[in-house]
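Structural overview for review
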Amino acid sequence: MRELQIHGHLCDYTIPDLTIVPKKRHMRGDNEVYGHSTLLIVEVVSRSSVQDDHVIKPRTCASAGVPLHLVIDTFKGVARLMSEPGDKGYQHQLEVTLGKPLPLPEPWDMAVDTAKLIEA
């Protein structure tokens, strides 16, 4: 599958590290999906992307209507799940230390085993 760019009503686009979309999604062209049509966006923080992954992309994705945005930061040792998107950003955030389970809300109704992210 090709990379999907996220489009929103107020933003140009962003290319997340991982984009999960349903089979039936609202597309703009062949490789661009609208934010409200995604299920989950995941960003893995690298040394060169700290500002983008923690500030810019969450703000952009929230304004585009992305329902769940997960930032995995192995430098800080945390995973942060953001939900309830709006024009001013995400209204709800849940942060766990890597190694602890991270519960995902509906439609997932499961927990991510973040210990798998730090195992050698």
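Quick note: structure is the one above.
Presented here is an overview of the structure given in this document. (Residues numbered from 1 in each chain as written. Predicted model: local features only at pLDDT ≥ 70, side-chain atom pairs only at ≥ 80, totals over all residues. Heavy atoms only, no water.)

1. As for the pattern of salt bridges
Spelled out, the test is: Salt bridges, as used here, are contacts in which a Lys or Arg side-chain nitrogen is within 4 Å of a carboxyl oxygen on Asp or Glu. Helix numbering and strand numbering both begin at the N terminus, where a helix is a DSSP run of H or I of at least 4 residues and a strand a DSSP run of E of at least 2. Note on exposure labels: buried denotes an accessible area under 20% of the residue type's maximum, exposed denotes more than 50%, and partly exposed covers the range between, all computed with a 1.4 Å probe on protein chains only.
On inspection of all chains with the given rule, the structure shows two salt bridges. A salt bridge links E43 to K57; the nearest nitrogen and oxygen atoms lie 3.4 Å apart. Taken together, the positions of E43 in strand β4 (residues 40-44) and K57 in helix α1 (residues 50-63) put the pair 14 residues apart, joining distant regions of the chain. Relative accessible area serves as the criterion here: at 15%, K57 is assigned to the buried category. Salt bridges sharing common partners tie together E43, D53 and K57.

2. With respect to the nonpolar core
Formally: Residues enter a nonpolar core if they are buried and are Ala, Val, Leu, Ile, Met, Phe, Trp, Tyr or Cys, with the set joined through side-chain atoms within 4.5 Å. Here a residue-residue contact requires only that any non-hydrogen atoms of the pair lie within 4.5 Å.
Counting residues in hydrophobic clusters, the biggest one holds 11 residues: L40, V42, L68, L70, I72, A79, L81, V96, L98, L102 and L104. Elements supplying a minimum of two residues to this core: β4, β5 (68-73), β6 (78-86) and β8 (101-104). Counting residues per element, this core draws most heavily on β5, which supplies three residues. Among all residues touching L98, those that are not within four sequence positions of it are I72, D73, T74, G77, V78, A79, T114, L117 and I118.

3. Side note on the side chain of T114
With respect to the helices, strands and loops of the structure, T114 is situated in the segment after β9 (110-113). For T114, a relative accessible area of 1% gives the class buried. Discounting residues that sit within four places of it in the chain, T114 has contacts with A79, V96, T97, L98, G99, K100 and L102.

4. Considering the environment of H69
The residue H69 is located in strand β5 in this model. H69 gets classed as buried once you look at its relative accessible area, which sits at 0%. For H69 and P58, which are 11 residues apart along the polypeptide, the C-alpha to C-alpha distance reads 6.9 Å. The residues contacting H69, other than those within four sequence positions of it, are L40, I41, E43, D53, K57, P58, C61, R80, L81, M82 and Y90.

5. Regarding α1
Applicable threshold: Between the first and last residue of a helix there are one fewer steps than residues, each counted as 1.5 Å, and that sum is the expected span. The angle between axes fitted to the seven-residue stretch ending at a residue and the seven-residue stretch beginning at it gives the bend at that residue.
With 14 residues, α1 should reach 20 Å at 1.5 Å per residue; the first-to-last C-alpha distance of 20 Å fits that figure. Along α1, the helix axis deviates most sharply at I56, where the bend reaches about 35°; the proline P58 sits within four residues downstream. Looking only at α1, the buried set comprises D53, H54, K57, P58, T60, C61, A62 and S63. For α1, the elements touching its buried residues are β4, β5, β6 and β7 (89-97). Positive phi appears at G65, one or two residues downstream of α1, with a value of about 90°.

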